[in-house]
Amino acid sequence: MSDKTNSPQETKRIHDLAPSELFAEFMKNGWAPSDLHGITASPAVAWCVARRAALSEAFSGIRLVIPAGNFKVRSNDCDYRYRPHSAFAYYTGIQGVEATADAVLVMEPSDAGHQQLLFINTRSTRDTDAFYRDNRYGELWVGRRFTVDEAQARYEIETRRVDSLAEFLGAKKETLAIRDQDRATDQLVEKHERESEFATFVSAHRLVKDEYEINEMQRACDATARGFSDIVRALPAAVGRPRGERVIEAAFFGRARVEGNDLGYETIAAAGSHACILHWIRNDGDVRPGELLLVDAGVEMESYYTADVTRTLPITGKFSPAQRSLYMLVYEAQKAGFAAVKPGADWVDINRASQGVLAHGLADMGVLTVSAEESLRPEVGLHRRWTLHGATHMLGMDVHDCAQARKDQYGESKLEVGMVLTVEPGLYIQPDDELFAPEFRGIGIRIEDDVVVTETGCRILSNGLPRHPDEIEAWMAALLR
């Protein structure tokens, strides 16, 4: 199919000022060929074929529409950095800088199951005026995209221009779509009573990771470990500087952009009592000697798989006695959480194990008005004053992966080999909490690691970072020499 016709999206964004005929003709000539040669298949292709086969089998005879999503406006005519919907990336293998807005995967029912079609915004070739006039999609403005043939070679799926999608979907038939990602497909596809089932399936399909996914998540954890080393090296520059937390945030962001696609989520760089604010992403505080720094951060790879790791570090490289005592309580709670991760275990066993250690530790410190056993009863839960969040969640393409899975699949389910999840207990003593002695107030500690369920228990993907306080002090000392 020709790549010479402007798509509706391209036409809409054409610059209002029409060029003269002389200029338009001048811009078409004098360009060297720029066809791409030697294109190899995406490393995810073989896995995507198997994923689409499972999707086809689950929804036999029904057209399926999975959009990548449109650009999202940040301010006026400036968009956020583009990232496709995770389900689209999961089933196509499109990654990183190759992703383009408005693409759509269509699974069209056929005698053989489903015909698989990828509709994309193709490159604006030099014999069109879109390449220099379209400031949202034009090649001169935003860079080169694949042609139909190039995309087909890269992803090994039949590829068509996105401007032919409306006509294709005009042939009315039973259709399920992922909604609220693409304005055009939302209008083209009538709502269906099974759409929630479809959304649940594509989310739950990622619960058990294949070999490719686990390898990508290991790469994400390894890159994240290097990002934490960057953070330690940046500590001297952060101390004593206004908004020193942003120095920490910036150090990690650099690693995420150099080694990956982006951050997996907004970095939490919480110094001092800011660590007691669970979703602290303002990162505008000072970094002071003698306090702790809690950093929750993850690198997202080009494949969109992300790590999710938290470390709590002594800013001067040494824990105080009070800091160490609280840290060791969280450390032991995490060890109990690791031990609970095994095939066939209940999902909630991880949280129960970690919470049990924390409750008994808090009781030993004399801050509970009931016994640990009574506090651990669901209707009591006094220990939760200092540890509000759960100790685990699924991890993958989304930092809270598989969020639309049913409760019986995730949350009230059994752990299976290949699941990837976090183990992340924490303790947070607010600065005005008079139930604790003054030396403990304003201390927030979380230790978070990423694990994959194995036949015999779990493997810690983020083991490249130290956890024990002695190891942390030695690691920091080596980096700060």
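What you are looking at is a predicted structure, and each value in this text was computed from that prediction instead of being measured.

Asks: Could you give me a rundown of the side chain of Arg446, with the residues and numbers involved?
Replies: Mapping Arg446 onto the fold places it in strand 15 (residues 444–446). The class of Arg446 is buried, set by a relative accessible area of 3%. Among the polar contacts listed, one links the side chain of Arg446 to the side chain of Tyr428, at a separation of 2.7 Å. For Arg446, the contacting residues outside a window of four places in its chain are Ile268, Leu278, Leu294, Asp296, Thr310, Arg311, Thr312, His389, Glu424, Pro425, Gly426 and Tyr428.

Asks: Describe the pattern of salt bridges, with residues and values.
Replies: By the definition in use, this model includes 39 salt bridges. Put simply, Asp186 and Arg179 hold a salt bridge, and the shortest N to O gap is 3.6 Å. Taking relative accessible area as the criterion, Asp186 reaches 22% and is therefore assigned partly exposed. For Arg179, a relative accessible area of 14% translates into the label buried. A salt bridge links Glu197 to Arg194, with the nearest nitrogen and oxygen atoms 2.8 Å apart. With a relative accessible area of 25%, Arg194 lands in the partly exposed category. It is possible to trace a salt-bridge network through shared partners that takes in Arg226, Asp230, Arg233, Arg255 and Glu259.

Asks: Provide a residue-level description of the packing of aromatic side chains, including the pertinent values.
Replies: For any pair of aromatic rings, the description rests on two quantities: the centre-to-centre distance and the angle between the ring planes. Counted under the stated rule, the structure contains 15 aromatic pairs. Taking 5.5 Å as the distance between ring centres and 70° as the angle between the ring planes, the aromatic pair formed by Phe71 and Tyr82 counts as edge-to-face. Of this pair, Phe71 sits in the loop between strand 1 (63–67) and strand 2 (73–75) while Tyr82 sits in the loop between strand 3 (78–79) and helix 4 (86–92), and the two are 11 residues apart along the sequence. On the basis of relative accessible area, Phe71 is assigned to the buried category, the value being 18%.

Asks: Help me get a handle on the nonpolar core, residues and values and all.
Replies: Residues Leu55, Ile66, Phe198 and Phe228 are the most contacted members of the largest nonpolar core, which totals 95 residues. Not counting chain neighbours up to four residues away, the residues in contact with Ile66 comprise Leu55, Ala87, Phe88, Tyr91, Val104, Leu105, Ile178, Phe198 and Val202. Among the nonpolar cores identified, the runner-up in size contains 19 residues, and Cys402, Ala405, Leu415 and Leu421 belong to it.

Asks: Could you give an account of the sheet that holds strand 9 (residues 268–271), naming the residues involved and the relevant values?
Replies: Taken in spatial order, the three strands of this open sheet run 9-10-12, and their pairing is antiparallel. Whereas interior strands pair on both sides, the edge strands pair on one side only; in this sheet they are strand 9 and strand 12 (309–314). Put simply, the sheet's adjacent strands are angled 10° from each other on average, direction ignored. Pairing of strand 10 (residues 292–297) with strand 12, which is carried by six bridges, proceeds in the antiparallel orientation. Residue pairing in the sheet places Val295 in a bridge with Arg311 of strand 12.

Asks: Quick rundown of the sheet that holds strand 1? Include the residues and the values.
Replies: Spatially, five strands are ordered 6-5-4-1-7 in an open sheet, and the strand pairing comes out mixed. In the strand order of this sheet, the two ends are held by strand 6 (158–161) and strand 7 (175–177), each with one partner. For this sheet, the mean inter-axis angle between neighbouring strands, taken without regard to orientation, is 25°.

Asks: Explain the pairing of strand 5 (residues 113–120) residue by residue, including any values.
Replies: Pairing of strand 4 (residues 104–110) with strand 5, which is carried by seven bridges, proceeds in the antiparallel orientation. Of the residues in strand 5, the one forming a bridge with Glu108 is Gln115. Hairpin connection, strand 4 to strand 5: the antiparallel pair is bridged by two residues. In this sheet, strand 6 lies alongside strand 5 in parallel orientation, the contact comprising four bridges. Bridge assignment links Phe119 to a residue of strand 6, and that residue is Arg160.

Asks: So, the packing of helix 13 (residues 321–340) against helix 16 (residues 469–479): which residues are in play, and what are the values?
Replies: With their axes 10 Å apart at the nearest point, helix 13 and helix 16 run at an angle of 120° to one another. It follows that helix 13 is oblique to helix 16 by the angle criterion. Contacts between helix 13 and helix 16 involve Arg324, Tyr327 and Met328 on the former and, on the latter, Pro469, Asp470, Ile472 and Glu473. Along the lines of polarity and charge, the residues of the contact of helix 13 with helix 16 split into four nonpolar, no polar and three charged.

Asks: Before we move on, could you go through the packing of helix 3 (residues 45–58) against helix 10 (residues 195–204) and cite the residues and values that matter?
Replies: Contact geometry for helix 3 and helix 10: axes closest at 11 Å, N-to-C directions at 150°. If you check the angle between helix 3 and helix 10, you find them roughly antiparallel. By crossing handedness, the relation of helix 3 to helix 10 is classed as right-handed. Facing Ala54, Leu55 and Ala58 of helix 3, the residues of helix 10 in contact are Phe198, Phe201 and Val202.

Asks: Before we move on, could you go through the side chain of Arg311 and cite the residues and values that matter?
Replies: Along the chain, Arg311 turns up in strand 12. In this structure the side chain of Arg311 is engaged in a polar contact, spanning 3.1 Å, whose partner is the backbone oxygen of Glu448. Among the polar contacts made by the side chain of Arg311, one reaches the side chain of Asp449 at a distance of 2.8 Å. Residues in contact with Arg311, not counting those within four places in the same chain, are Phe228, Leu293, Leu294, Val295, Arg446, Ile447, Glu448, Asp449, Ser462, Leu465, Pro466 and Arg467.

Asks: So, a nonpolar patch on the surface: which residues are in play, and what are the values?
Replies: A surface patch of nonpolar side chains, about 320 Å² in accessible area, is lined by Leu140, Trp141 and Val142. Mapped onto the fold, Trp141 is located in helix 6 (residues 139–142).

Asks: I'd like a rundown of unusual backbone geometry, residues and numbers included.
Replies: Phi is positive for Asn76, which is not a glycine, with a value near 55°. Assignment of secondary structure puts Asn76 in the loop between strand 2 and strand 3. For Asn76, a relative accessible area of 69% corresponds to the exposed category. Non-glycine residue Glu156 carries a positive phi angle of around 50°. Within the fold, Glu156 resides in the loop between helix 7 (148–155) and strand 6.

Thresholds, definitions, all that
Residues numbered from 1 in each chain as written. Predicted model: local features only at pLDDT ≥ 70, side-chain atom pairs only at ≥ 80, totals over all residues. Heavy atoms only, no water. Helix = DSSP H or I, 4+ residues; strand = E, 2+ residues; numbered from the N terminus. Buried < 20%, exposed > 50% of the residue type's maximum accessible area, 1.4 Å probe, protein only. Polar contact = N/O pair within 3.5 Å; in protein donor to acceptor, adjacent residues only side chain to side chain. Contact = heavy atoms within 4.5 Å. Salt bridge = Lys/Arg side-chain N within 4 Å of Asp/Glu carboxyl O. Phe/Tyr/Trp six-rings, centres within 6.5 Å; stacked < 30°, edge-to-face > 60°. Core = buried A, V, L, I, M, F, W, Y, C linked by side-chain atoms within 4.5 Å. Pairing = 2+ DSSP bridges. Axes fitted to C-alpha atoms, helices over the stretch in contact; angles between N-to-C directions. Parallel < 35°, antiparallel > 145°, perpendicular 65-115°, else oblique. Nonpolar A, V, L, I, M, F, W, Y, C, P; charged D, E, K, R; others polar. Left-handed = near helix turned anticlockwise from the far one by under 90°. Patch = residues over 30% accessible without salt bridge, like charges linked within 9 Å, V, L, I, M, F, W, Y side chains within 5 Å. Areas by Shrake-Rupley, 256 points an atom, 1.4 Å probe, with all protein chains shown as cover.

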